[in-house]
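One letter stands for each residue in the lines below.
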Amino acid sequence: MRSTTRFVALGFAGVLLAACHHKDKDAPLAFVPADTPYVVANLDVLDEGTRKALLAQTNAQLPAQLVQLKSAADDMADKDPDTARLLKAVIAELDGKTIEQFAQNAGLNIKGRSAFYGLGLSPVIRFELIDAKAFDAFVGRLETAYGKPFDTATVGGQSYRKRVSPETGTQVVIAVVGKQAVAALLPTDAPEATLRLALGLDRPSKNLQDDGRLEKLAKAKDYQPWAIGQLDLVRLLPLAAGGKDPMFNALRKARAATESAKTGEPVTSQLQVAPSCEGEAARIAARVPSVSFGYTKLDEKHQNLRWDVALADDITKAFGGLKVELPGLGAAGTAPFDVSLALPVAQLRTFWSAQAEAVASKPFTCQSLTDLNDGFVKIGTLSQQAAVPPIGDLLGLRVALDSFEAGNADGIPKFSGRVLIGTSNPTALLAMSQMVASGLAQLKLTTDGKPVALPPDVTAPLGSPVWAAMGPKALALAIGAGEDSKLGDMLNAPTGDAGRFGRLQLSGDMYTAWVKAMAQRADHIAQLATPADHDDAAAAAAAKASAERSKAQFESMQAQAARIKSVGAEVHMDSDGLVITNQNELK
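Just so you know, these numbers come straight off a predicted model, no measurement behind them. (Residues numbered from 1 in each chain as written. Predicted model: local features only at pLDDT ≥ 70, side-chain atom pairs only at ≥ 80, totals over all residues. Heavy atoms only, no water.)

Draft legend 1. Here's a closer look at helix H2 (residues 48-76). Along its 29 residues, H2 runs 39 Å from first to last C-alpha, staying within 8% of the 42 Å computed at 1.5 Å per residue. Where H2 bends most, at Leu-62, the angle is about 40 degrees, and the proline Pro-63 comes one to four residues later. (Helix = DSSP H or I, 4+ residues; strand = E, 2+ residues; numbered from the N terminus. Expected span 1.5 Å × (residues − 1). Bend = angle between axes of the 7 residues up to and from the residue.)

Draft legend 2. Region of interest: the pairing of strand E1 (residues 38-41). Residues of E1 alternate between two faces, with Tyr-38 and Val-40 on one and Val-39 and Ala-41 on the opposite face, all of them buried. Two strands pair when backbone bridges link them, and E1 and strand E2 (residues 114-119) are joined in this way by 3 bridges, in the antiparallel orientation. Bridging from a neighbouring strand, Ala-41 pairs with Ala-115 of E2. (Buried < 20%, exposed > 50% of the residue type's maximum accessible area, 1.4 Å probe, protein only. Pairing = 2+ DSSP bridges.)

Draft legend 3. Structural context of helix H10 (residues 246-263). With 18 residues, H10 extends 25 Å from end C-alpha to end C-alpha; this agrees with the ideal 26 Å at 1.5 Å per step. Packed against the buried residues of H10 are strand E3 (122-128), strand E6 (170-177), strand E7 (180-187) and helix H11 (267-270). Between a side-chain oxygen at the N-terminus of H10 and the backbone nitrogen of Met-247 the separation is 3.1 Å; the capping residue is Asp-245. (Contact = heavy atoms within 4.5 Å. Polar contact = N/O pair within 3.5 Å; in protein donor to acceptor, adjacent residues only side chain to side chain.)

Draft legend 4. Representation of the packing of H2 against helix H20 (residues 537-561). Close contact between H2 and H20 brings their axes to 8 Å; oriented N to C, the two are set at 155 degrees. The pairing of H2 with H20 is recorded here as roughly antiparallel in orientation. The chirality of how H2 crosses H20 is left-handed. Seen from H2, the contacting residues are Ala-64, Gln-65, Val-67, Gln-68, Ser-71, Asp-74 and Asp-75; seen from H20, they are Arg-549, Ala-552, Gln-553, Ser-556, Met-557 and Gln-560. Grouping the amino acids of the contact of H2 with H20 by side-chain chemistry returns 4 nonpolar, 6 polar and 3 charged. (Axes fitted to C-alpha atoms, helices over the stretch in contact; angles between N-to-C directions. Parallel < 35°, antiparallel > 145°, perpendicular 65-115°, else oblique. Left-handed = near helix turned anticlockwise from the far one by under 90°. Nonpolar A, V, L, I, M, F, W, Y, C, P; charged D, E, K, R; others polar.)

Draft legend 5. Region of interest: the pairing of strand E19 (residues 577-586). Pairing of strand E10 (residues 302-310) with E19, which is carried by 9 bridges, proceeds in the antiparallel orientation. Paired with Asn-304 across the two strands is Gln-583, which belongs to E19. Here strand E18 (residues 564-573) runs beside E19; their pairing, made up of 9 bridges, is antiparallel. Of the residues in E19, the one forming a bridge with Val-567 is Asn-584. Between E18 and E19, which follow one another and run antiparallel, lie 3 residues.

Structural data, given as C-alpha coordinates:
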(Lines give C-alpha, C1' and ligand atoms only; values in the text may rest on other atoms or scores of the structure.)
Protein backbone atom coordinates (compact mmCIF):
# COMPACT_ATOMS: atom_id res chain seq x y z
CA MET A 1 0.00 0.00 0.00
CA ARG A 2 1.32 3.42 -0.93
CA SER A 3 0.66 4.88 2.55
CA THR A 4 2.63 2.14 4.26
CA THR A 5 5.46 2.48 1.77
CA ARG A 6 5.57 6.22 2.40
CA PHE A 7 5.66 5.67 6.14
CA VAL A 8 8.49 3.14 5.90
CA ALA A 9 10.47 5.44 3.62
CA LEU A 10 9.92 8.39 5.95
CA GLY A 11 10.78 6.35 9.02
CA PHE A 12 13.96 5.11 7.40
CA ALA A 13 14.83 8.67 6.46
CA GLY A 14 14.38 9.56 10.13
CA VAL A 15 16.96 6.98 11.11
CA LEU A 16 19.32 8.43 8.53
CA LEU A 17 19.03 12.05 9.59
CA ALA A 18 22.63 12.82 10.40
CA ALA A 19 26.22 12.35 9.32
CA CYS A 20 29.50 14.18 9.69
CA HIS A 21 31.00 16.79 7.41
CA HIS A 22 34.46 15.29 7.84
CA LYS A 23 35.67 11.72 7.62
CA ASP A 24 35.27 10.07 11.00
CA LYS A 25 37.29 6.88 11.40
CA ASP A 26 34.45 5.40 13.45
CA ALA A 27 31.60 6.45 11.15
CA PRO A 28 29.46 3.49 10.02
CA LEU A 29 30.70 3.87 6.43
CA ALA A 30 34.26 3.34 7.64
CA PHE A 31 33.28 -0.28 8.43
CA VAL A 32 31.70 -0.93 5.02
CA PRO A 33 33.92 -2.77 2.52
CA ALA A 34 34.50 -0.72 -0.63
CA ASP A 35 33.38 -3.70 -2.74
CA THR A 36 30.09 -4.24 -0.92
CA PRO A 37 27.38 -5.37 -3.36
CA TYR A 38 24.70 -3.25 -1.69
CA VAL A 39 24.49 -0.34 0.72
CA VAL A 40 22.05 2.23 2.12
CA ALA A 41 23.53 5.01 4.24
CA ASN A 42 23.44 8.72 4.99
CA LEU A 43 26.24 11.16 4.23
CA ASP A 44 25.12 14.36 5.90
CA VAL A 45 22.72 15.89 8.40
CA LEU A 46 19.39 17.61 7.92
CA ASP A 47 18.98 20.96 9.60
CA GLU A 48 17.33 20.88 13.00
CA GLY A 49 14.09 22.48 11.85
CA THR A 50 13.53 20.05 9.01
CA ARG A 51 14.40 17.11 11.21
CA LYS A 52 11.84 18.14 13.81
CA ALA A 53 9.21 18.69 11.12
CA LEU A 54 9.78 15.20 9.68
CA LEU A 55 9.61 13.62 13.11
CA ALA A 56 6.38 15.48 13.82
CA GLN A 57 5.00 14.14 10.54
CA THR A 58 6.06 10.60 11.42
CA ASN A 59 4.51 10.90 14.88
CA ALA A 60 1.23 12.04 13.33
CA GLN A 61 1.18 8.96 11.08
CA LEU A 62 2.37 6.50 13.73
CA PRO A 63 -0.97 5.62 15.39
CA ALA A 64 -2.53 4.71 12.04
CA GLN A 65 0.50 2.63 11.08
CA LEU A 66 0.39 0.76 14.38
CA VAL A 67 -3.19 -0.22 13.61
CA GLN A 68 -2.00 -1.84 10.40
CA LEU A 69 0.92 -3.54 12.16
CA LYS A 70 -1.41 -4.94 14.82
CA SER A 71 -3.63 -6.33 12.10
CA ALA A 72 -0.62 -7.92 10.40
CA ALA A 73 0.46 -9.50 13.69
CA ASP A 74 -3.03 -10.92 14.28
CA ASP A 75 -3.14 -12.34 10.75
CA MET A 76 0.15 -14.22 11.18
CA ALA A 77 -0.51 -15.43 14.74
CA ASP A 78 -1.56 -18.94 13.68
CA LYS A 79 0.99 -19.51 10.91
CA ASP A 80 4.03 -17.90 12.54
CA PRO A 81 3.38 -17.31 16.26
CA ASP A 82 7.03 -16.49 17.08
CA THR A 83 7.22 -13.67 14.55
CA ALA A 84 3.75 -12.47 15.55
CA ARG A 85 4.87 -12.17 19.18
CA LEU A 86 8.01 -10.31 18.10
CA LEU A 87 6.00 -7.88 15.99
CA LYS A 88 3.57 -7.28 18.86
CA ALA A 89 6.54 -6.56 21.12
CA VAL A 90 7.79 -3.92 18.68
CA ILE A 91 4.29 -2.45 18.55
CA ALA A 92 4.19 -2.32 22.36
CA GLU A 93 7.49 -0.40 22.34
CA LEU A 94 5.99 2.19 19.97
CA ASP A 95 2.39 2.33 21.19
CA GLY A 96 1.51 5.59 22.90
CA LYS A 97 4.97 7.07 22.32
CA THR A 98 6.55 9.48 19.91
CA ILE A 99 9.48 8.39 17.79
CA GLU A 100 11.74 10.44 20.06
CA GLN A 101 10.44 8.66 23.17
CA PHE A 102 10.80 5.26 21.54
CA ALA A 103 14.35 6.06 20.46
CA GLN A 104 15.29 7.20 23.95
CA ASN A 105 13.83 4.06 25.54
CA ALA A 106 15.70 1.90 23.04
CA GLY A 107 18.94 3.85 23.31
CA LEU A 108 18.88 4.84 19.63
CA ASN A 109 20.44 8.06 18.38
CA ILE A 110 17.94 9.55 15.91
CA LYS A 111 20.53 12.21 15.10
CA GLY A 112 23.13 9.55 14.43
CA ARG A 113 24.58 7.85 11.41
CA SER A 114 23.62 4.50 9.99
CA ALA A 115 24.61 2.07 7.27
CA PHE A 116 23.02 -1.08 5.93
CA TYR A 117 25.34 -3.07 3.69
CA GLY A 118 26.54 -6.44 2.51
CA LEU A 119 29.57 -8.29 3.78
CA GLY A 120 29.57 -10.33 0.63
CA LEU A 121 25.88 -11.21 0.54
CA SER A 122 25.54 -11.27 4.34
CA PRO A 123 23.48 -8.26 5.48
CA VAL A 124 24.89 -6.03 8.21
CA ILE A 125 23.37 -2.94 9.81
CA ARG A 126 25.23 -0.45 12.01
CA PHE A 127 23.72 2.53 13.78
CA GLU A 128 24.80 4.89 16.49
CA LEU A 129 23.48 4.78 20.06
CA ILE A 130 23.00 7.26 22.85
CA ASP A 131 22.62 4.62 25.58
CA ALA A 132 24.12 1.15 25.17
CA LYS A 133 22.42 -0.19 28.31
CA ALA A 134 19.00 0.99 27.14
CA PHE A 135 19.57 -0.71 23.79
CA ASP A 136 20.63 -3.92 25.48
CA ALA A 137 17.44 -3.85 27.59
CA PHE A 138 15.37 -3.19 24.44
CA VAL A 139 16.85 -6.22 22.69
CA GLY A 140 16.20 -8.26 25.83
CA ARG A 141 12.52 -7.33 25.77
CA LEU A 142 12.22 -8.34 22.13
CA GLU A 143 14.07 -11.56 22.83
CA THR A 144 11.64 -12.43 25.61
CA ALA A 145 8.66 -11.70 23.38
CA TYR A 146 10.12 -13.83 20.58
CA GLY A 147 10.20 -16.76 22.97
CA LYS A 148 13.53 -18.13 21.80
CA PRO A 149 16.43 -16.83 23.89
CA PHE A 150 19.64 -15.84 22.15
CA ASP A 151 22.91 -17.45 23.16
CA THR A 152 25.78 -15.27 24.32
CA ALA A 153 29.34 -15.58 23.10
CA THR A 154 32.56 -13.62 22.86
CA VAL A 155 35.16 -13.05 20.19
CA GLY A 156 38.31 -11.03 20.75
CA GLY A 157 36.95 -9.91 24.12
CA GLN A 158 33.74 -8.58 22.53
CA SER A 159 30.49 -10.12 23.76
CA TYR A 160 27.56 -10.60 21.44
CA ARG A 161 24.17 -12.30 21.19
CA LYS A 162 23.49 -14.93 18.60
CA ARG A 163 20.55 -17.00 17.48
CA VAL A 164 21.29 -20.00 15.24
CA SER A 165 18.70 -21.25 12.75
CA PRO A 166 19.47 -24.85 11.76
CA GLU A 167 16.66 -24.72 9.19
CA THR A 168 18.43 -22.02 7.16
CA GLY A 169 22.05 -22.61 8.13
CA THR A 170 22.36 -19.04 9.34
CA GLN A 171 22.78 -17.10 12.57
CA VAL A 172 21.71 -13.65 13.70
CA VAL A 173 24.35 -11.82 15.72
CA ILE A 174 23.72 -8.62 17.69
CA ALA A 175 26.28 -6.60 19.61
CA VAL A 176 27.04 -3.18 21.01
CA VAL A 177 30.51 -2.21 19.84
CA GLY A 178 31.66 1.10 21.21
CA LYS A 179 28.88 3.61 20.58
CA GLN A 180 27.28 1.60 17.82
CA ALA A 181 24.84 -1.27 17.60
CA VAL A 182 25.57 -3.96 15.05
CA ALA A 183 23.30 -6.70 13.73
CA ALA A 184 24.22 -9.20 11.04
CA LEU A 185 22.94 -12.35 9.39
CA LEU A 186 25.86 -14.74 8.85
CA PRO A 187 26.37 -18.39 7.94
CA THR A 188 26.28 -20.65 11.00
CA ASP A 189 29.85 -21.75 10.29
CA ALA A 190 31.19 -18.26 9.57
CA PRO A 191 34.90 -18.14 10.48
CA GLU A 192 36.15 -15.87 13.23
CA ALA A 193 37.62 -13.47 10.66
CA THR A 194 34.16 -12.89 9.15
CA LEU A 195 32.58 -12.40 12.56
CA ARG A 196 35.27 -9.89 13.57
CA LEU A 197 34.76 -7.98 10.31
CA ALA A 198 30.97 -7.93 10.76
CA LEU A 199 31.22 -6.65 14.33
CA GLY A 200 33.87 -4.11 13.38
CA LEU A 201 36.69 -5.52 15.49
CA ASP A 202 38.68 -5.63 12.26
CA ARG A 203 38.38 -3.15 9.42
CA PRO A 204 38.13 -3.85 5.68
CA SER A 205 41.32 -3.21 3.75
CA LYS A 206 39.42 -0.57 1.75
CA ASN A 207 36.27 1.05 3.08
CA LEU A 208 33.39 2.81 1.37
CA GLN A 209 33.95 6.08 3.20
CA ASP A 210 37.44 6.47 1.80
CA ASP A 211 36.34 5.10 -1.57
CA GLY A 212 33.81 7.93 -1.93
CA ARG A 213 31.47 5.94 -4.17
CA LEU A 214 28.29 7.28 -2.59
CA GLU A 215 29.48 10.90 -2.73
CA LYS A 216 30.23 10.52 -6.44
CA LEU A 217 26.84 8.89 -6.99
CA ALA A 218 25.03 11.68 -5.15
CA LYS A 219 26.77 14.33 -7.26
CA ALA A 220 26.07 12.54 -10.54
CA LYS A 221 22.38 11.87 -9.81
CA ASP A 222 21.53 14.97 -7.79
CA TYR A 223 20.75 12.89 -4.69
CA GLN A 224 20.65 14.75 -1.42
CA PRO A 225 22.97 13.21 1.21
CA TRP A 226 20.31 12.16 3.72
CA ALA A 227 19.71 8.63 2.43
CA ILE A 228 21.44 7.05 -0.55
CA GLY A 229 21.33 3.44 -1.66
CA GLN A 230 22.99 1.35 -4.34
CA LEU A 231 22.61 -2.25 -5.49
CA ASP A 232 25.73 -3.26 -7.43
CA LEU A 233 24.60 -6.14 -9.63
CA VAL A 234 28.03 -6.51 -11.24
CA ARG A 235 29.27 -7.64 -7.83
CA LEU A 236 26.10 -9.27 -6.49
CA LEU A 237 25.00 -11.61 -9.29
CA PRO A 238 28.34 -13.40 -9.80
CA LEU A 239 28.59 -13.86 -6.02
CA ALA A 240 25.17 -15.47 -5.93
CA ALA A 241 25.56 -17.63 -9.03
CA GLY A 242 29.22 -18.55 -8.79
CA GLY A 243 29.00 -20.60 -5.59
CA LYS A 244 31.68 -18.55 -3.87
CA ASP A 245 29.69 -16.57 -1.34
CA PRO A 246 29.47 -18.23 2.12
CA MET A 247 26.05 -16.76 2.93
CA PHE A 248 24.44 -17.85 -0.31
CA ASN A 249 26.06 -21.27 -0.04
CA ALA A 250 24.69 -21.72 3.48
CA LEU A 251 21.16 -21.01 2.29
CA ARG A 252 21.57 -23.34 -0.69
CA LYS A 253 22.92 -26.11 1.51
CA ALA A 254 20.02 -25.83 3.95
CA ARG A 255 17.52 -25.91 1.10
CA ALA A 256 19.31 -28.89 -0.46
CA ALA A 257 19.15 -30.79 2.83
CA THR A 258 15.39 -30.22 3.02
CA GLU A 259 14.95 -31.35 -0.57
CA SER A 260 17.14 -34.39 0.02
CA ALA A 261 14.95 -35.45 2.93
CA LYS A 262 11.93 -35.35 0.61
CA THR A 263 13.38 -36.86 -2.57
CA GLY A 264 16.54 -38.69 -1.54
CA GLU A 265 18.67 -36.68 -3.96
CA PRO A 266 22.17 -36.29 -2.46
CA VAL A 267 22.95 -32.85 -1.08
CA THR A 268 26.32 -32.77 -2.87
CA SER A 269 24.74 -33.21 -6.29
CA GLN A 270 22.36 -30.32 -5.63
CA LEU A 271 25.21 -28.03 -4.65
CA GLN A 272 27.25 -28.50 -7.80
CA VAL A 273 27.86 -25.24 -9.65
CA ALA A 274 28.85 -25.25 -13.31
CA PRO A 275 32.01 -23.28 -14.21
CA SER A 276 29.89 -21.18 -16.58
CA CYS A 277 27.62 -19.81 -13.85
CA GLU A 278 29.78 -16.95 -12.66
CA GLY A 279 30.47 -15.71 -16.19
CA GLU A 280 26.85 -15.96 -17.23
CA ALA A 281 25.75 -14.05 -14.15
CA ALA A 282 28.26 -11.37 -15.09
CA ARG A 283 26.75 -11.37 -18.59
CA ILE A 284 23.33 -10.56 -17.12
CA ALA A 285 24.79 -7.91 -14.82
CA ALA A 286 26.43 -6.21 -17.78
CA ARG A 287 22.93 -5.51 -19.11
CA VAL A 288 21.73 -3.98 -15.81
CA PRO A 289 24.87 -3.05 -13.86
CA SER A 290 23.28 -1.30 -10.89
CA VAL A 291 20.22 0.23 -9.25
CA SER A 292 20.46 3.27 -7.00
CA PHE A 293 18.17 5.74 -5.25
CA GLY A 294 18.25 8.91 -3.22
CA TYR A 295 16.02 11.73 -2.01
CA THR A 296 16.10 14.83 -4.17
CA LYS A 297 13.93 16.82 -1.77
CA LEU A 298 12.87 16.06 1.78
CA ASP A 299 11.17 18.52 4.06
CA GLU A 300 7.96 18.89 6.06
CA LYS A 301 5.83 19.16 2.90
CA HIS A 302 7.79 17.24 0.28
CA GLN A 303 9.21 13.74 -0.15
CA ASN A 304 10.82 13.48 -3.57
CA LEU A 305 12.71 10.34 -4.48
CA ARG A 306 14.74 9.37 -7.55
CA TRP A 307 15.60 5.85 -8.73
CA ASP A 308 18.24 5.12 -11.36
CA VAL A 309 18.50 1.80 -13.19
CA ALA A 310 21.81 1.68 -15.05
CA LEU A 311 21.51 -0.09 -18.41
CA ALA A 312 23.84 -1.31 -21.15
CA ASP A 313 24.82 1.19 -23.83
CA ASP A 314 22.81 -0.44 -26.61
CA ILE A 315 19.63 -0.20 -24.51
CA THR A 316 20.03 3.49 -23.74
CA LYS A 317 20.84 4.24 -27.37
CA ALA A 318 17.75 2.38 -28.55
CA PHE A 319 15.36 4.29 -26.29
CA GLY A 320 17.15 7.39 -24.97
CA GLY A 321 16.49 9.41 -28.11
CA LEU A 322 13.09 7.92 -28.92
CA LYS A 323 10.25 10.41 -29.17
CA VAL A 324 6.97 8.56 -28.70
CA GLU A 325 4.12 10.40 -30.43
CA LEU A 326 1.62 9.79 -27.62
CA PRO A 327 -0.54 12.89 -27.04
CA GLY A 328 -0.17 14.05 -23.43
CA LEU A 329 3.18 12.38 -22.78
CA GLY A 330 5.00 15.65 -23.35
CA ALA A 331 3.33 17.64 -20.56
CA ALA A 332 2.37 17.26 -16.92
CA GLY A 333 -1.09 15.84 -16.28
CA THR A 334 -3.96 18.20 -15.52
CA ALA A 335 -6.73 15.86 -14.26
CA PRO A 336 -7.01 14.69 -10.62
CA PHE A 337 -5.78 11.34 -11.88
CA ASP A 338 -3.72 11.58 -15.04
CA VAL A 339 -1.35 8.90 -16.28
CA SER A 340 0.45 8.64 -19.62
CA LEU A 341 2.38 5.48 -20.48
CA ALA A 342 4.44 5.06 -23.64
CA LEU A 343 4.18 1.68 -25.32
CA PRO A 344 5.99 1.97 -28.66
CA VAL A 345 5.37 -1.58 -29.80
CA ALA A 346 7.34 -1.30 -33.05
CA GLN A 347 10.54 -0.28 -31.26
CA LEU A 348 9.94 -2.69 -28.38
CA ARG A 349 9.48 -5.55 -30.84
CA THR A 350 12.77 -4.75 -32.54
CA PHE A 351 14.60 -4.59 -29.22
CA TRP A 352 13.17 -7.74 -27.66
CA SER A 353 13.53 -9.73 -30.86
CA ALA A 354 17.23 -8.86 -30.85
CA GLN A 355 17.53 -9.96 -27.21
CA ALA A 356 15.81 -13.27 -28.00
CA GLU A 357 18.13 -13.86 -30.96
CA ALA A 358 21.17 -13.09 -28.79
CA VAL A 359 20.15 -15.68 -26.19
CA ALA A 360 19.28 -18.22 -28.88
CA SER A 361 22.73 -17.84 -30.45
CA LYS A 362 24.42 -18.16 -27.06
CA PRO A 363 22.08 -19.93 -24.61
CA PHE A 364 22.70 -20.07 -20.88
CA THR A 365 24.24 -23.33 -19.64
CA CYS A 366 24.30 -22.64 -15.89
CA GLN A 367 21.58 -24.83 -14.38
CA SER A 368 20.07 -22.01 -12.34
CA LEU A 369 19.81 -19.81 -15.44
CA THR A 370 18.64 -22.23 -18.15
CA ASP A 371 14.98 -21.25 -17.61
CA LEU A 372 15.94 -17.93 -19.18
CA ASN A 373 16.45 -19.73 -22.50
CA ASP A 374 12.79 -20.79 -22.60
CA GLY A 375 11.75 -17.36 -21.41
CA PHE A 376 13.49 -15.63 -24.28
CA VAL A 377 12.04 -18.11 -26.78
CA LYS A 378 8.60 -17.00 -25.59
CA ILE A 379 9.65 -13.35 -25.79
CA GLY A 380 10.77 -13.87 -29.38
CA THR A 381 7.47 -15.50 -30.26
CA LEU A 382 5.46 -12.73 -28.60
CA SER A 383 7.54 -10.12 -30.41
CA GLN A 384 6.57 -11.66 -33.73
CA GLN A 385 2.91 -11.95 -32.78
CA ALA A 386 2.84 -8.33 -31.62
CA ALA A 387 3.48 -7.20 -35.20
CA VAL A 388 -0.17 -7.85 -36.07
CA PRO A 389 -2.33 -4.69 -36.11
CA PRO A 390 -3.71 -3.06 -34.08
CA ILE A 391 -1.18 -4.22 -31.44
CA GLY A 392 1.79 -3.54 -33.69
CA ASP A 393 0.65 0.05 -34.22
CA LEU A 394 0.31 0.98 -30.55
CA LEU A 395 2.17 4.00 -29.17
CA GLY A 396 0.80 4.10 -25.63
CA LEU A 397 -2.09 4.94 -23.33
CA ARG A 398 -3.35 7.95 -21.41
CA VAL A 399 -6.10 7.87 -18.78
CA ALA A 400 -7.47 11.05 -17.20
CA LEU A 401 -10.14 10.86 -14.47
CA ASP A 402 -11.91 14.04 -13.41
CA SER A 403 -14.23 12.47 -10.83
CA PHE A 404 -14.64 9.18 -9.03
CA GLU A 405 -17.32 7.98 -6.62
CA ALA A 406 -17.41 4.55 -5.05
CA GLY A 407 -21.15 4.07 -5.59
CA ASN A 408 -22.93 1.16 -3.92
CA ALA A 409 -21.10 -2.08 -3.16
CA ASP A 410 -22.92 -4.09 -5.83
CA GLY A 411 -22.48 -1.68 -8.71
CA ILE A 412 -19.58 -0.24 -10.63
CA PRO A 413 -18.08 3.06 -9.43
CA LYS A 414 -19.30 6.31 -10.95
CA PHE A 415 -16.62 8.24 -12.76
CA SER A 416 -16.01 10.78 -15.47
CA GLY A 417 -12.93 11.20 -17.57
CA ARG A 418 -11.17 10.33 -20.79
CA VAL A 419 -9.18 7.43 -22.20
CA LEU A 420 -6.78 7.84 -25.11
CA ILE A 421 -5.06 5.06 -27.04
CA GLY A 422 -2.05 6.21 -29.02
CA THR A 423 -1.59 4.44 -32.34
CA SER A 424 0.14 5.07 -35.65
CA ASN A 425 -3.03 3.82 -37.39
CA PRO A 426 -6.14 5.05 -35.55
CA THR A 427 -8.40 4.19 -38.49
CA ALA A 428 -7.43 0.51 -38.25
CA LEU A 429 -8.02 0.54 -34.50
CA LEU A 430 -11.49 2.00 -35.03
CA ALA A 431 -12.27 -0.65 -37.64
CA MET A 432 -11.19 -3.43 -35.29
CA SER A 433 -13.38 -1.97 -32.53
CA GLN A 434 -16.35 -1.92 -34.87
CA MET A 435 -15.79 -5.58 -35.75
CA VAL A 436 -15.75 -6.53 -32.05
CA ALA A 437 -18.69 -4.33 -30.98
CA SER A 438 -21.50 -4.41 -33.53
CA GLY A 439 -23.14 -1.41 -31.87
CA LEU A 440 -20.31 0.76 -33.20
CA ALA A 441 -20.72 -0.33 -36.80
CA GLN A 442 -22.31 2.97 -37.86
CA LEU A 443 -19.83 5.15 -35.95
CA LYS A 444 -18.04 7.52 -38.32
CA LEU A 445 -14.93 9.39 -37.20
CA THR A 446 -12.34 11.47 -38.98
CA THR A 447 -8.95 12.67 -37.74
CA ASP A 448 -10.27 16.17 -37.06
CA GLY A 449 -10.74 15.44 -33.35
CA LYS A 450 -14.46 16.23 -33.30
CA PRO A 451 -16.39 14.14 -30.74
CA VAL A 452 -19.21 11.85 -31.85
CA ALA A 453 -21.69 10.39 -29.35
CA LEU A 454 -21.82 6.63 -29.07
CA PRO A 455 -25.20 4.87 -29.43
CA PRO A 456 -27.21 4.73 -26.16
CA ASP A 457 -27.45 0.93 -26.28
CA VAL A 458 -23.63 0.76 -26.15
CA THR A 459 -23.27 3.22 -23.27
CA ALA A 460 -26.22 2.04 -21.15
CA PRO A 461 -24.17 -0.20 -18.82
CA LEU A 462 -22.06 2.78 -17.81
CA GLY A 463 -25.04 5.00 -17.02
CA SER A 464 -23.24 7.96 -18.57
CA PRO A 465 -22.95 9.42 -22.06
CA VAL A 466 -19.83 8.48 -24.02
CA TRP A 467 -18.20 10.20 -26.99
CA ALA A 468 -15.40 9.09 -29.31
CA ALA A 469 -12.96 11.21 -31.28
CA MET A 470 -9.96 10.51 -33.46
CA GLY A 471 -6.73 12.35 -34.17
CA PRO A 472 -3.77 11.60 -36.43
CA LYS A 473 -2.07 9.50 -33.73
CA ALA A 474 -4.82 8.46 -31.32
CA LEU A 475 -8.36 7.29 -30.68
CA ALA A 476 -10.04 8.67 -27.56
CA LEU A 477 -13.20 8.23 -25.49
CA ALA A 478 -14.87 10.72 -23.15
CA ILE A 479 -17.15 9.39 -20.41
CA GLY A 480 -19.51 11.61 -18.45
CA ALA A 481 -21.36 14.87 -18.97
CA GLY A 482 -19.15 17.64 -20.34
CA GLU A 483 -16.17 15.42 -20.98
CA ASP A 484 -16.64 15.62 -24.76
CA SER A 485 -15.49 19.24 -24.69
CA LYS A 486 -12.07 18.11 -23.46
CA LEU A 487 -11.36 15.56 -26.19
CA GLY A 488 -9.90 18.08 -28.63
CA ASP A 489 -7.30 19.30 -26.18
CA MET A 490 -6.46 15.74 -25.20
CA LEU A 491 -5.84 14.67 -28.80
CA ASN A 492 -3.70 17.74 -29.46
CA ALA A 493 -1.69 17.61 -26.23
CA PRO A 494 2.13 17.62 -26.62
CA THR A 495 3.67 14.28 -27.51
CA GLY A 496 6.67 12.78 -25.76
CA ASP A 497 10.08 14.41 -25.82
CA ALA A 498 13.24 12.31 -26.26
CA GLY A 499 13.39 9.33 -23.91
CA ARG A 500 10.09 10.06 -22.13
CA PHE A 501 8.18 6.93 -21.13
CA GLY A 502 5.66 7.85 -18.47
CA ARG A 503 4.01 10.50 -16.31
CA LEU A 504 1.63 10.28 -13.37
CA GLN A 505 -0.38 12.89 -11.48
CA LEU A 506 -2.70 11.98 -8.59
CA SER A 507 -4.49 14.44 -6.33
CA GLY A 508 -4.99 13.77 -2.64
CA ASP A 509 -8.77 13.98 -3.05
CA MET A 510 -8.75 11.32 -5.77
CA TYR A 511 -6.52 9.08 -3.67
CA THR A 512 -8.91 9.48 -0.74
CA ALA A 513 -11.85 8.54 -2.98
CA TRP A 514 -10.04 5.37 -4.06
CA VAL A 515 -9.31 4.36 -0.48
CA LYS A 516 -12.95 4.96 0.42
CA ALA A 517 -14.04 2.76 -2.49
CA MET A 518 -11.68 -0.02 -1.45
CA ALA A 519 -12.98 0.19 2.12
CA GLN A 520 -16.58 -0.13 0.97
CA ARG A 521 -15.73 -3.08 -1.26
CA ALA A 522 -13.84 -4.82 1.56
CA ASP A 523 -16.77 -4.28 3.92
CA HIS A 524 -19.16 -5.76 1.37
CA ILE A 525 -16.94 -8.82 0.88
CA ALA A 526 -16.70 -9.27 4.65
CA GLN A 527 -20.48 -9.26 4.92
CA LEU A 528 -20.76 -11.89 2.20
CA ALA A 529 -18.13 -14.01 3.95
CA THR A 530 -19.94 -13.98 7.30
CA PRO A 531 -21.09 -17.56 8.05
CA ALA A 532 -24.80 -18.09 7.58
CA ASP A 533 -24.73 -20.79 10.28
CA HIS A 534 -25.15 -18.82 13.48
CA ASP A 535 -24.43 -21.95 15.52
CA ASP A 536 -20.79 -21.91 14.38
CA ALA A 537 -19.62 -19.47 17.04
CA ALA A 538 -15.92 -19.90 16.26
CA ALA A 539 -16.35 -19.14 12.55
CA ALA A 540 -18.56 -16.16 13.32
CA ALA A 541 -16.03 -14.78 15.83
CA ALA A 542 -13.17 -15.22 13.33
CA ALA A 543 -15.13 -13.47 10.59
CA LYS A 544 -16.02 -10.61 12.93
CA ALA A 545 -12.40 -10.18 14.05
CA SER A 546 -11.20 -10.19 10.45
CA ALA A 547 -13.80 -7.58 9.49
CA GLU A 548 -12.81 -5.36 12.41
CA ARG A 549 -9.13 -5.58 11.46
CA SER A 550 -9.96 -4.72 7.87
CA LYS A 551 -12.07 -1.77 8.95
CA ALA A 552 -9.31 -0.48 11.23
CA GLN A 553 -6.77 -0.79 8.41
CA PHE A 554 -8.87 1.20 5.99
CA GLU A 555 -9.65 3.85 8.59
CA SER A 556 -5.91 4.33 9.11
CA MET A 557 -5.37 4.48 5.35
CA GLN A 558 -8.07 7.13 5.01
CA ALA A 559 -6.48 9.17 7.79
CA GLN A 560 -3.15 9.07 5.99
CA ALA A 561 -4.70 9.77 2.59
CA ALA A 562 -6.28 12.91 4.03
CA ARG A 563 -2.77 14.32 4.54
CA ILE A 564 -1.73 13.93 0.91
CA LYS A 565 -1.99 16.93 -1.39
CA SER A 566 -0.60 15.28 -4.52
CA VAL A 567 1.51 12.41 -5.82
CA GLY A 568 3.52 12.61 -9.02
CA ALA A 569 5.89 10.39 -10.94
CA GLU A 570 7.90 10.50 -14.16
CA VAL A 571 9.92 7.93 -16.12
CA HIS A 572 12.52 8.63 -18.80
CA MET A 573 15.61 7.11 -20.37
CA ASP A 574 18.86 9.07 -20.36
CA SER A 575 22.34 8.14 -21.54
CA ASP A 576 23.03 6.14 -18.36
CA GLY A 577 19.76 4.24 -18.01
CA LEU A 578 16.19 4.45 -16.77
CA VAL A 579 15.30 7.28 -14.39
CA ILE A 580 12.18 7.09 -12.20
CA THR A 581 11.23 10.07 -10.06
CA ASN A 582 8.49 10.31 -7.45
CA GLN A 583 7.14 13.51 -5.90
CA ASN A 584 4.89 13.46 -2.82
CA GLU A 585 3.45 16.73 -1.53
CA LEU A 586 1.68 16.84 1.83
CA LYS A 587 -0.93 19.27 3.11
